[in-house]
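# Reading the structure
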Amino acid sequence: ITVKERNTGSIQVGAGYSSYGGASFNGQINQANLFGKGYKLGASANLSSKDNYYNINFTDPYFLDSEWSAGVDIYQAMRTPPSYIEYKTGGALRLGHPLAPFLAGYLRYKYDDTRIQLDSLADPNLFSGADGSTSSITATIEYDHRDDRINPSNGLFTSFALEYAGLGGSKKFTKGFATTRYYHNVFWKAVFRNNLAYAYIAPTSSNEPPPFNELFLLGGANSL
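In what follows, the accompanying structure is described. (Residues numbered from 1 in each chain as written. Predicted model: local features only at pLDDT ≥ 70, side-chain atom pairs only at ≥ 80, totals over all residues. Heavy atoms only, no water.)

### Brief notes about the sheet that holds strand β1 (residues 9-18)
Strand order in the open sheet formed by eleven strands is β1-β2-β3-β4-β5-β6-β7-β8-β9-β10-β11, with antiparallel pairing between adjacent strands. Two strands bound the open sheet, and with one partner strand each, they are β1 and β11 (190-202). With strand direction ignored, the average angle separating the axes of adjacent strands in the sheet is 10°. Judged from the ten bridges that link them, strand β4 (residues 51-60) and strand β5 (residues 69-79) form a sheet pairing that is antiparallel. Residue Asp-51 lies in a different strand from β5, and its bridge partner there is Arg-79. (Pairing = 2+ DSSP bridges. Helix = DSSP H or I, 4+ residues; strand = E, 2+ residues; numbered from the N terminus. Axes fitted to C-alpha atoms, helices over the stretch in contact; angles between N-to-C directions.)

### A few points about the pairing of β1
Pairing between β1 and strand β2 (residues 22-34): ten bridges, direction antiparallel. Residue pairing in the sheet places Ser-10 in a bridge with Asn-30 of β2. Here β1 folds back onto β2 in antiparallel fashion, the turn holding three residues.

### Considerations on the packing of aromatic side chains
Applying the stated criterion to the full structure yields six aromatic pairs. Taken together, a centroid distance of 6.4 Å and an interplanar angle of 70° make the contact between Phe-102 and Tyr-143 edge-to-face. Pair noted here: Phe-102 is in the loop between β6 (84-100) and β7 (103-118) and Tyr-143 is in strand β8 (residues 132-146), with a separation of 41 residues, a long-range link. A relative accessible area of 29% places Tyr-143 in the partly exposed class. Over the ring of Phe-216 we find Lys-175; its NZ or CZ atom is 5.4 Å from the centre of that ring. (Phe/Tyr/Trp six-rings, centres within 6.5 Å; stacked < 30°, edge-to-face > 60°. Buried < 20%, exposed > 50% of the residue type's maximum accessible area, 1.4 Å probe, protein only. Lys NZ or Arg CZ within 6 Å of the ring centre and 35° of its normal.)

Any functional reading would require information beyond the geometric quantities listed.
In structure tokens, the structure reads:
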């Protein structure tokens, strides 16, 4: 066995400019072997005049020297679409365990609080249900058979997740996600890859429509 040490920490910074958000800055710092115990600690920030996002996360990949992984996330976000400002603060607890070779299952409990600040021309009736708290649990199954998690050149990654919001909190909805990524080394270092994703959101048994700010958007500066 030949052992070679490598750096376990990384820092990334970036900056940009757009006609929509003006100047933007993003930074990320990660440590994959905190205190020499294999703990993973990360912090990131994305800042612009239209959107701000802060996140701190911690993961113990072998919780209590077992095959269970455990982690926590704390985040805060602010975004300013036309006619309102949205503030969101929350956190999440995560548990995971391998189910079979290349297959793992995860559970996440999330709680966050959302506040909406309307401008003087906005119609309050259109924003009903946007304020409030979300208490949800998400179950995820992942199949990961890639040759490298950072820079894969061959393999398959598939994920299925279902989020149920209604364990307390004021917001009630169900979200589903499915993602498949395929990688194949065509020749030399040229890699073919694709990413197929499907998602849906539905009301719970109460038949109340999901809050508009939880719906999926087409994207862009002023999304439909």
